[in-house]
Structures are given as C-alpha cells and as structure tokens.
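# Descriptive analysis of the structure
Given next are the chains, with one letter for each unit.
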Amino acid sequence: MVDDLKILVVDDEPIIIRSCESILKSEGYNVQGLLSAKDAILRMEQQPFDLVFTDLKMPEVDGITLIRWIRQKRPDTGVVIITGYPSQDTIKDALELGIIDYVPKPFTPTVLLDVTQRAVSWIREKKAPLEPKEKKEELPPSMLQEIDRVISQYRSKPGSSIPVLQRCQQIVGYLPPEVQKRIAKGLNMTPAEIHGIVSFYSFFTMKPRGDHNIRICLGTACYVKRVEEVLNRIKEDLKIDVGEVTEDKKFSLETVRCLGACGLAPVMVIDEETYGAMNPKKVPDILKEYA
Ligand code: FES
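About the cut-offs
- Residues numbered from 1 in each chain as written.
- Predicted model: local features only at pLDDT ≥ 70, side-chain atom pairs only at ≥ 80, totals over all residues.
- Heavy atoms only, no water.
- Core = buried A, V, L, I, M, F, W, Y, C linked by side-chain atoms within 4.5 Å.
- Buried < 20%, exposed > 50% of the residue type's maximum accessible area, 1.4 Å probe, protein only.
- Helix = DSSP H or I, 4+ residues; strand = E, 2+ residues; numbered from the N terminus.
- Domains from an automatic or database assignment.
- Contact = heavy atoms within 4.5 Å.
- Pairing = 2+ DSSP bridges.
- Axes fitted to C-alpha atoms, helices over the stretch in contact; angles between N-to-C directions.

Grouped together as the largest cluster of nonpolar side chains are 51 residues, with contacts concentrated most on L51, F53, I214, I216, I234 and M268. With eight residues, the top contributor of residues to this core is helix α5 (residues 109-127). Both of domain 1 (6-127) and domain 3 (212-289) provide at least three residues apiece to this core. Apart from residues lying up to four places away in sequence, I234 is in contact with I214, I216, K239, L253, M268 and V283. Counting residues in each nonpolar core, the second largest holds 45 residues, with I67, A94, Y154 and L187 among its members.

The next thing to look at is the sheet that holds strand β8 (residues 268-270). Within the open sheet, the four strands sit side by side as β7-β6-β8-β9. Their pairing is mixed. Two strands bound the open sheet, and with one partner strand each, they are β7 (251-256) and β9 (273-275). Averaged over all pairs of adjacent strands, the angle between their axes in this sheet comes to 20°, without regard to strand direction. Examined bridge by bridge, strand β6 (residues 212-217) and β7 share six bridges and lie parallel to one another. Residue pairing in the sheet places N213 in a bridge with S252 of β7. Across the sheet, helix α11 (residues 227-238) is in contact with β6, β7 and β8; its angle to β6 comes to roughly 150°.

Now for the environment of K6. Here K6 is to be found in strand β1 (residues 6-10). For the pair K6 and K250, spaced 244 residues apart in the sequence, the C-alpha separation amounts to 39 Å.

Moving on, we come to the sheet that holds strand β2 (residues 30-34). The parallel open sheet is built from five strands, whose spatial order is β2-β1-β3-β4-β5. Across the chains shown, the open sheet's two edge strands, defined by having one partner strand only, are β2 and β5 (101-104). With direction set aside, neighbouring strand axes in the sheet form an average angle of 20°. Of the strand pairs in this sheet, β1 and strand β3 (residues 51-55) are connected by four bridges, and their pairing is parallel. Looking at β3, one finds that L8 is bridged to V52.

Set out below in structure tokens:
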C-alpha cells in the first residue's frame, strides 16, 4: 500500500474507470470508481475521500457541479480533472475552483501515476503543514519585496493571477509553495486555486531549473513509441530523476503530457530545441551539445 489515502475516480466511461483502477491499484493505491457524479456525491456524503479524479462532461450532473459540491462540503478533498477536449471556459471554471492538476484523455499509465504522485504529495503537505520539514531555502528579503511589489501592482486588475505568476517566476526562477501561498494571499485567492494554475500551464515550474531544461513527452503517441527508454537513458546518464537538477546545475529534467509534436514521436525538448524520433542511443550526443 502506497499510503492510506482514499482515491475516487468519477467518469461515465467504464473503460476510464477500469484503467484508472487497474493502474492505481497495481501501485498500491486505495481506489474506487463510480460512473456518475450523482453517485459520487451520494458516496462522499457517506465517506470522505482524500483525492477525487473527475471527468468534466458527464450526463445529469457534470464535473464542475461535482467540484463545486466538493469545495462546499468536503473542502479538504483534492480534485484532479480527467479531460478530453474541454472548452477554455470549462477549464477556467475548474481552475477557479482550485483543482490540483489534470489528466488528458487518452492517458498513459506513466502520466496517470505521475499526476497521482504529485497530487498525493500536495495533499500530504496540506494535511501536515505544521510538521517539521526538511530545511527549506529562505528567499532573500529583496526578492520577497519584489514579489510583494508585483502583487500590489496587479492586485486590483481582473485576471491578474497568470501575469503575477509569470513575473514572480522570473524573479525567483520557479514557484515554490511559499511563493504560491504569498501570491494567493496577496490576490485574495486560495493556495489551491494558485496551485491549480501553476500545475495546469507547462510554462510554470515548481522546482528550480538547470541552465538547460529537458522535457520528455509522456503523451500517448510518444509512450507507444517507447519514450520511457529515452527517459531512462537520460536519468541514467545525468544521474537525476524527474524534477531534479544535476549537481553542476547544468540540466534539469521534466516530463510533460504532450508537446504538440506527436508526428515526431517520441519527442524530447531541450530549452527551445525539439528532438524528434528519439531513441536512447541518440541521448549522449545530444547532451554533449550542451556540455
Ligand atoms: S504525445 Fe508526445 S508530442 Fe504529443
């Protein structure tokens, strides 16, 4: 068992429920699936869940209504959306309700597990805010002042969260939880709302990046063309895991859900350069270009 967190998956497509259950159960997660938001509300009235994955488009009661219900009745439950082709408005509604992350359909086991792990750590951190943590880096006062200046500059403007996050990421280099909390407080939003925006847009990062940032696509087209072998080779050569930076701070490694270049699968991007038709043998020569 990974831990005792309870996960509920809500989707009107039985195949999605079955895949989520089998992928998550195989990693030891405690997961249940339901085919409608109405049933999910009935179930959650009886028992709390720590994390809910929900589709947005469902007959009768849709995902947004379910998320609103969760926010009111079970505010401690984390929400991740499973989405096909949602409209910008629906995504905006979901982000405003403070989702943790999203899983695009169709998804690969790696993407589902990656999002689940991040959501679970987010929930754990939220549940134990007072527990002593590993030494965290303090931001210098001048940086904090600069962040506060940006917040006050945008505070009264509608739709200011994205520009504020972009400016703060330029100032700090990334968006650690304490910066997200500061921005949330300053803009009168919840930390969950800010976190949802940061997780949703791939140009935001919660971890420091190296001089060169490597992004590996784990989307379906890349996954079926064995992108994991490329990822493993990079991890091995650079001796880092996903989300880490090499000791010399030269490279950082991230995974993404689709780089929009599926025809070139499997795809890797270093900074702004795209490398298509990747295979593990190409990795050392490409990395040498950046050494
Ligand atoms: S799935 Fe990899 S680029 Fe689209």
